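As a plain string of letters, each chain reads:
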Amino acid sequence: MAATGDAEETQVQEMEEEAGMENEMDSDEEEGLGIENSDDEIDDSSEDEKETEAEIQRLEEQLSINAFDYNCHVDLIKLLRQEGELPRLRKARQKMSELFPLTEEIWLDWLKDEIHLTEEEPNREKVYELFETAVKDYICPEIWLEYAQYSIGGMGLPGGMEKVRSIFERALTAVGLHMTKGATVWEAYREFENAILATVQPPPGSVPTREQQELLNTQLERIHTLFRRQLSIPLMDMDGTYAEYEEWSDQGVSDTVSQKYKRALKQMEKSKPYEETLMIAEPPKLAEYQTYIDYEQKEGDPARIQIIFERALSENCLVPDMWAKYTKYLDRQLKIKDLVLSSHDRAVRNCSWTMGLWKNYLLALERHGADHHTISDVFEKALNAGFIQATDYVNIWEVYLDYLRRRVDFSKESSRELEELRAAFTRSLDYMKQDVEERFSESGDPSCTIMQVWAKIEALHCKNMQKARELWDSIMTKGNAKFANMWLEYYNLERSYGDALHCRKALHRAVQCTSDYPEHVCEVLLTFERVEGSLEDWDAAVQKTETRLNRVNEQRSKVTEKEAHVARQEEEKTEQRRRAKADKKNQKKGQKGSRPGDKRKAEDKNYEDEWGEESEQPPKRHRGESDQGFRGGGGGAGLIGTESGLFGRRALPGRRQEPPGAKRGQQVAPATVWKTQEDDPELRKDDCSVFISNLAFTMDDPEKRLKKLFEPCGPVQSVRPVYAAKGFRGYCYVQFEGKASVLEALKMDRQEVEGRPMFVSPCVDKNKNPDFKVFKYNTNLEKHKIFISGLPFSCTKEQLEELCKDHGTIKDIRLVTNRSGKPKGLAYVEFGDEAQASQAVLKLDGTVLQEHTLSVAISNPPSRNTADKPGFSRPVGAMMPRSMVYGSRGKGRTQLSLLPRSLNRQTGSESKAENGTAPKPTGGASGDAGIEAQAKPLSNSDFAKMLFKK
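As the structure is a prediction and not an experimental result, all values here were calculated from the model.

Draft legend 1. Examining the overall build of the protein chain more closely. Broken down by element type, the protein chain carries 34 helices and 11 strands. Considering only contacts in the protein chain between residues 6 or more positions apart, those separated by 24 or more positions represent 63%.

As C-alpha cells, then:
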C-alpha cells in the first residue's frame, strides 16, 4: 500500500507541475497586457475613475442607511470588481452574504477572485471555507464542480486525495440526482479516477508487481462502481453513459447492472415530459415546478423530492409558499436535523418578511433540541425582519412565549426560567405599545390575547390570581369593557381558579359596562346567583339587571325616535318641494295660453299619455336593468342593457324619426333611418348577442359601422342600435348566428372606436337572472398587485413595464382611464407573487417619473358602497355622469341642480326602498291615499313620465 501511495503522489506532482506551468503562462500574459496598456488607461480614464468612485461612495452611504437594499449590494460589488478594489470588494461581498443568499453568478465570481488571490498553499483553507458557505445557499452543480476542481490542486498535501474524493461524494449527494445537470458531476468524478488509473498502470510490456496489481485492481473497481451507481439513477442521456461503460469494461455489463439501468431508464422516461416542460417554460416556471413536485411526491422517493424542491427554489427563492411547503415536508417526512435547520435558515434569509417562515423556524429549532441562546438569537432576528402587518409581530411573540413557557418547571415556586418568562411577557407588551403601534398605528392585538395567556398561566400554573386579576383589569381598560365575550372570559377564569366573590364582582361589572349583548351577561349573572347566591344576592342581581335593561331599552327607544323624526323631516321636505314644483308648473301652463307651437306640444302630450298611468301595458324591459351603470375597477366597462333605452322609453311605434342634424322634411336615406323596437322578441337570442356601450353619440349609421366592425367575429344576424328623442344613445345590441362568435366579440372589449374605448359585455335578461352581475369588484387585499398613483398622463404601458420589470415578473399592467379613454394618472401592476409586489413597493414608492413623484402601495380596493348590494335602490342621479347632475365642475354653493326633484331621492330612510318603489312614509298630512300611492311600485312608464314631462 505504501507503493500505492507513492505512485499516486508521483502522478499528482506531475499533474500539478503541468497545471502550474499553464497558470504561470496565463499570469505572464495577463501581466504583459497590463503593463502594455496601463499608461493609456490611466490617461484615458481618470475622469471615469472619479465618477466611479463617487458612485461607489454613494452606494456605500445608501447601504449604511438601509442595509437590506439588495440591488444596491449588487451594484456596489459590480463597480468594485471593475475598479479592482479587492479589499473593499471582499468586504462588500461578505456583508451581502451575511444578509442574503448569493446567486450562482456572484458566488462564482467571488470564488474565482479568491482562488486567484490565494495561490499559496497555506491560504487554501480560507478558500475551502468560502466554498463551504457557497454550497449551502442553493443547489448549484457548477459551484460543486468548481469546488472539486479546486480541491484537485491540493492533492499533494497530506490527505489531499481523500479530500478530493470526499468533496466529489458530497457533490453527488447534493446534485447527483439532478436530472439534467447531475451527469456532469458523475463524469468529472470518473475523469478524476481515470487520471489516477493512468498513473498506476504499468508500462506496456512490463509485468506489474503484486502491489501494483492490487493498486490497479482497486482503481478499476472504483471506476466500475461509479459507472454502476450512475446507471442506477435516472438521468438525461443515460443511454450514452451505458454505451461508454460497455466500451470501457473488458468484462462487459453484468445482468444486475443492466436491470438497474433499465429501471432507471424507465423512470427517466416518466420524468422526461416534466423536464421538457421546464426547458421550454419561461422563468420563474413556478407552476411547472409545482406540477413536477406533486408528481415526485406521489412517487415517494425522498431524495428525488428534495432535489426537485431545491431546483424549484433556486429559481423561485423569493416565493414564501414554496419555502413553506419544502420545510413542511422536511419537518414531517425526513426529520434530519442538519438538513431541516439549514433549510429553515435559508428560507428566512430569502423571505425575511414572512412571519410564517420564522414561526416554523423557531418551532423546528425547539423540536430538534437547539440551545436556548440559538433560539433567542433567531427570535431577535425575526423581530428585525420587517413584517408587513402588525398581527405578524403578535404571532411571532406568541410562538416565542410558548417556547419559554415550555421551559419552565412550575413545580418550583420560583426559577430562573419563570422569571425569564415573566420578563418576556412584560417586554412583549412594551414592544407592542412602543414599536408596533408607532409603525402601524394599531396594536395588532386589540383583544389582548398575549395578556390573556399570561393571566391564564399565572392562574393555572403559578396559582397567582392576584396577578391574573391585575392583567384583566389592564385588558378591560384598553377598550374591551364594552364587549360581553371579554367579561365572560374573565368570569370563566375566576370560575375555574378564583372564588365566588370575584365571580359575582366580575358579572356585576359586566352588566354595568357591556353594550353589545347586555341581555346575555344579565342572564349569566342570574344563572350564577341561582346556583351560588343567597336570596339577598338574587334580589340584588334582579334589581341590577332590571335597571340596566330598562336603561338600555330607553336608549334604544330614543335612538329609534330620533331616526323616525329625521325620516319624517326628510319626508316633509320632499313633499314641500314636490308641491312647490307642481304649483310652479301649473303657473307656467296657465301663462302659456295658445302660443305658437301649441299644436306640436299637444301632440307631445298625447305621446306622453301613451306612456302614462292610463296605459294598460307599460313597456316591457327585455334585458337587464337600465340602472346597472358603467363598469369601474378592473375590467372593461359597459351597460348591461335593456333595449327599451336608459329609462324604458322607446321610439314611437310606427313613427319615423330623423337623425340629429337633419332638417325637417328632408328625405333621409334608408341606412340612416332611426331604429324602432318592432323586432320580434322571439327572434332575439341573448346567448348569441353582446351589448355594446360607450360609443360616440355622433356616430354615423351605427348599424352599418358596427356590423362591419364585428363581422370578423362571425356572421352577424342583426345590429340593434338604441335611440332616444335626441338621437343615438351610444349603445346597441349585436346578435350573431352562433354562440362561438360571442366569445370572439368579448375579446374586443376596450377597443378604441372613434377615439373612445368601446365596452363589450354579455347580453343577459335580468328578469330571468336577477342575481347576474358582469362586473364584480374585488374588495380584498391583493398582495400580488401594486397600486401606483401620481403618474404623468403621458405615461404608457411600455414605460411602466420598463420601470417595474426589475422588481419581479409582471403578469399584467392596467392604466386607469375614464370612459373617453383619457388616463387618470393611476395604474395597477400585477406581479407573479406577493414577495415581488412587496419588493416593488419598497423600491418604487417615492420614485420620480417625468417630474412626477409616484406613490406606490399594495392594492387594497375599498369596499363597495351599499348601492352594490342586492335590494338597494340606486338613486337615479347616480346613473348619470357627474356633469349631468352637478355640471362640469360639480355642484357649487351657488349652482342649481338640473336633476328633476322627482328623481332626486333623499338619503336616509328612503335609501332602503326597493328598486322602483317609493319608501313608505312614517306619517304626514298626505293621508292614507298618499301613502298607498307612494308605496306603489314604479313602472317604466312612471320613470318616463318623470323624465320627460314638461
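Don't stop here, the text continues.
Draft legend 2. Quick peek at unusual backbone geometry. Across the junction of Pro 283 and Pro 284, the peptide omega takes the value 5 degrees, indicating a cis bond. Checked against the element boundaries, Pro 284 lands in the loop between helix H12 (255-280) and helix H13 (286-299). Phi is positive for Cys 448, which is not a glycine, with a value near 55 degrees. Summarising the element assignment, Cys 448 is placed in the loop between helix H20 (416-440) and helix H21 (449-460). Of note in this structure, Lys 463 is not a glycine but carries a positive phi near 55 degrees. Inspection of the secondary structure assignment puts Lys 463 in the loop between H21 and helix H22 (465-480). For Lys 463, a relative accessible area of 64% gives the class exposed.

Draft legend 3. Structural view of the sheet that holds strand S11 (residues 855-859). Within the open sheet, the 4 strands sit side by side as S7-S8-S6-S11. Their pairing is antiparallel. For this open sheet the edge positions go to strand S7 (810-817) and S11, each flanked by a neighbour on one side alone. Here the strands of the sheet are splayed against their neighbours by 20 degrees on average, with no regard to which way each runs. In this structure, S7 lies alongside strand S8 (residues 823-831), joined through 7 bridges in antiparallel fashion. When the sheet's bridge partners are listed, Ile 810 is paired in S8 with Phe 831. Sitting on the sheet, helix H30 (residues 797-804) touches strand S6 (782-789), S7 and S8, and the angle it makes with S7 is about 135 degrees.

Draft legend 4. Up close: the packing of helix H10 (residues 210-231) against helix H11 (residues 238-248). For the pair H10 and H11, the least separation of the axes is 10 Å and the interaxial angle reads 155 degrees. In terms of their interaxial angle, H10 and H11 are classed as roughly antiparallel. The interaxial crossing formed by H10 with H11 has left-handed handedness. Of the residues in H11, those touching H10 at Leu 220, Ile 223, His 224, Phe 227, Arg 228, Gln 230 and Leu 231 are Met 238, Thr 241, Tyr 242, Glu 244, Tyr 245 and Trp 248. Residues of the contact of H10 with H11, tallied by class, amount to 8 nonpolar, 3 polar and 2 charged.

Draft legend 5. Highlighting the side chain of Arg 548. Turning to its location among the elements, Arg 548 is positioned in helix H26 (residues 535-592). This buried residue, Arg 548, is left without a salt bridge; Asp 516 holds the nearest opposite charge, at 8.2 Å. Excluding anything up to four places from it in sequence, Arg 548 contacts Val 511, Gln 512, Cys 513, Thr 514 and Ser 515.

Draft legend 6. Quick look at the sheet that holds strand S3 (residues 727-736). Strand order across the open sheet formed by 5 strands is S2-S3-S1-S5-S4, with antiparallel pairing between neighbours. Looking along the sheet, the strands with just one partner apiece sit at the ends: strand S2 (716-724) and strand S4 (751-753). Put simply, the sheet's adjacent strands are angled 30 degrees from each other on average, direction ignored. Pairing analysis gives 4 bridges linking strand S1 (residues 689-693) to S3, with the strands arranged antiparallel. Looking at S3, one finds that Ile 692 is bridged to Cys 732. Against the sheet, helix H28 (residues 702-710) contacts S1, S2, S3, S4 and strand S5 (756-762), and its axis sits at roughly 140 degrees relative to S2.

Draft legend 7. Expanded view of the nonpolar core. Formed by 107 residues in total, the largest nonpolar core has its most connected members in Trp 358, Phe 387, Tyr 393, Ile 396, Trp 397 and Trp 472. Tallying contributions element by element places helix H19 (residues 390-407) first for this core, with 10 residues. In this structure Phe 387 touches Ser 352, Trp 353, Thr 354, Met 355, Trp 358, Ala 382, Asp 392, Tyr 393, Ile 396, Arg 439 and Phe 440, once residues within four positions along its chain are discounted. Core analysis: the second largest hydrophobic core is formed by 53 residues, Leu 108, Ala 134, Tyr 147 and Tyr 150 among them.

Draft legend 8. Local environment of the packing of aromatic side chains. Applying the stated criterion across every chain yields a total of 34 aromatic pairs. Ring centres of Phe 387 and Tyr 393 lie 5.0 Å apart, and the angle between their planes is 55 degrees; this geometry places the pair in the tilted category. The exposure classification of Phe 387 matches that of Tyr 393, with both residues buried. An aromatic cluster is built from Phe 379, Phe 387, Tyr 393, Trp 397, Tyr 400, Tyr 403, Tyr 431 and Phe 440, whose rings are joined through pairwise contacts. The ring of Tyr 150 has Arg 124 lying over it, and the distance from NZ or CZ to the ring centre is 4.1 Å. Sitting above the plane of the Tyr 128 ring, Lys 163 keeps its charged end 4.3 Å from the centroid.

Draft legend 9. Main features of the confidence of the model for the protein chain. When pLDDT is averaged along the protein chain, the result is 79, and 74% of the positions lie at 70 or above. Across residues 866-936 the pLDDT falls below 50, and counting only partners more than four positions away or on other chains, this stretch makes 84 contacts in the model.

Draft legend 10. Seen up close, the pattern of salt bridges. Tallied over the full model, the rule gives 40 salt bridges. Of the charged contacts in the structure, one is a salt bridge between Arg 556 and Glu 519, with a shortest N-O distance of 2.9 Å. Here Glu 519 lies in helix H25 (residues 518-532) and Arg 556 lies in helix H26, a separation of 37 residues in the sequence. One salt-bridge network, in which partners are shared between bridges, spans Glu 53, Glu 60 and Arg 88.

Draft legend 11. Examining the state of the cysteines more closely. Under the criterion given, the structure shown has 0 disulfides. The thiol of Cys 351 is not disulfide-bonded; the next cysteine sulfur, from Cys 317, is found 7.2 Å away.

Draft legend 12. Representation of the packing of helix H14 (residues 302-315) against helix H15 (residues 320-334) in the model. Remark: H14 packs on H15, axes separated minimally by 10 Å, with the N-to-C direction vectors making an angle of 160 degrees. The orientation of H14 relative to H15 falls into the category roughly antiparallel. For the element pair H14 and H15, the recorded crossing hand is left-handed. Where H14 approaches H15, its residues Pro 302, Ile 305, Gln 306, Phe 309, Glu 310, Ala 312 and Leu 313 are matched on the opposing element by Met 322, Trp 323, Lys 325, Tyr 326, Tyr 329 and Leu 334.

Draft legend 13. Spatial organisation of a negative patch on the surface. Together, Glu 47, Asp 48, Glu 49, Glu 51 and Glu 83 give the surface a local cluster of negative charge. Of the residues forming the negative patch, the biggest block, 4 residues, is contributed by helix H2 (residues 46-65). With respect to the element layout, Glu 83 can be found in helix H3 (residues 70-83). The class of Glu 83 is partly exposed, set by a relative accessible area of 33%.

Draft legend 14. Spotlight on the side chain of Glu 114. With respect to the helices, strands and loops of the structure, Glu 114 is situated in helix H5 (residues 104-117). Under the relative-accessibility criterion, Glu 114 is labelled buried at 10%.

Draft legend 15. Expanded view of H28. Within the span of H28, buried status applies to Pro 702, Leu 706 and Phe 710. End-on view of H28: buried residues confined to an arc of 45 degrees, all on one side of the axis. Projecting away from the buried face of H28 at angles above 90 degrees are the exposed residues Lys 704 and Lys 708. Contacts from the buried residues of H28 go to S1, S2, S3, helix H29 (740-746) and S5.

Conventions and cut-offs
- Residues numbered from 1 in each chain as written.
- Predicted model: local features only at pLDDT ≥ 70, side-chain atom pairs only at ≥ 80, totals over all residues.
- Heavy atoms only, no water.
- Helix = DSSP H or I, 4+ residues; strand = E, 2+ residues; numbered from the N terminus.
- Contact = heavy atoms within 4.5 Å.
- Buried < 20%, exposed > 50% of the residue type's maximum accessible area, 1.4 Å probe, protein only.
- Pairing = 2+ DSSP bridges.
- Axes fitted to C-alpha atoms, helices over the stretch in contact; angles between N-to-C directions.
- Parallel < 35°, antiparallel > 145°, perpendicular 65-115°, else oblique.
- Left-handed = near helix turned anticlockwise from the far one by under 90°.
- Nonpolar A, V, L, I, M, F, W, Y, C, P; charged D, E, K, R; others polar.
- Lys, Arg positive; Asp, Glu negative; His and termini not counted.
- Salt bridge = Lys/Arg side-chain N within 4 Å of Asp/Glu carboxyl O.
- Core = buried A, V, L, I, M, F, W, Y, C linked by side-chain atoms within 4.5 Å.
- Phe/Tyr/Trp six-rings, centres within 6.5 Å; stacked < 30°, edge-to-face > 60°.
- Lys NZ or Arg CZ within 6 Å of the ring centre and 35° of its normal.
- pLDDT = per-residue confidence, 0-100.
- Disulfide = S-S within 2.5 Å.
- Patch = residues over 30% accessible without salt bridge, like charges linked within 9 Å, V, L, I, M, F, W, Y side chains within 5 Å.
- Areas by Shrake-Rupley, 256 points an atom, 1.4 Å probe, with all protein chains shown as cover.
- Charge placed at Lys NZ, Arg CZ, Asp CG, Glu CD.
- Arc of directions from axis to C-beta.

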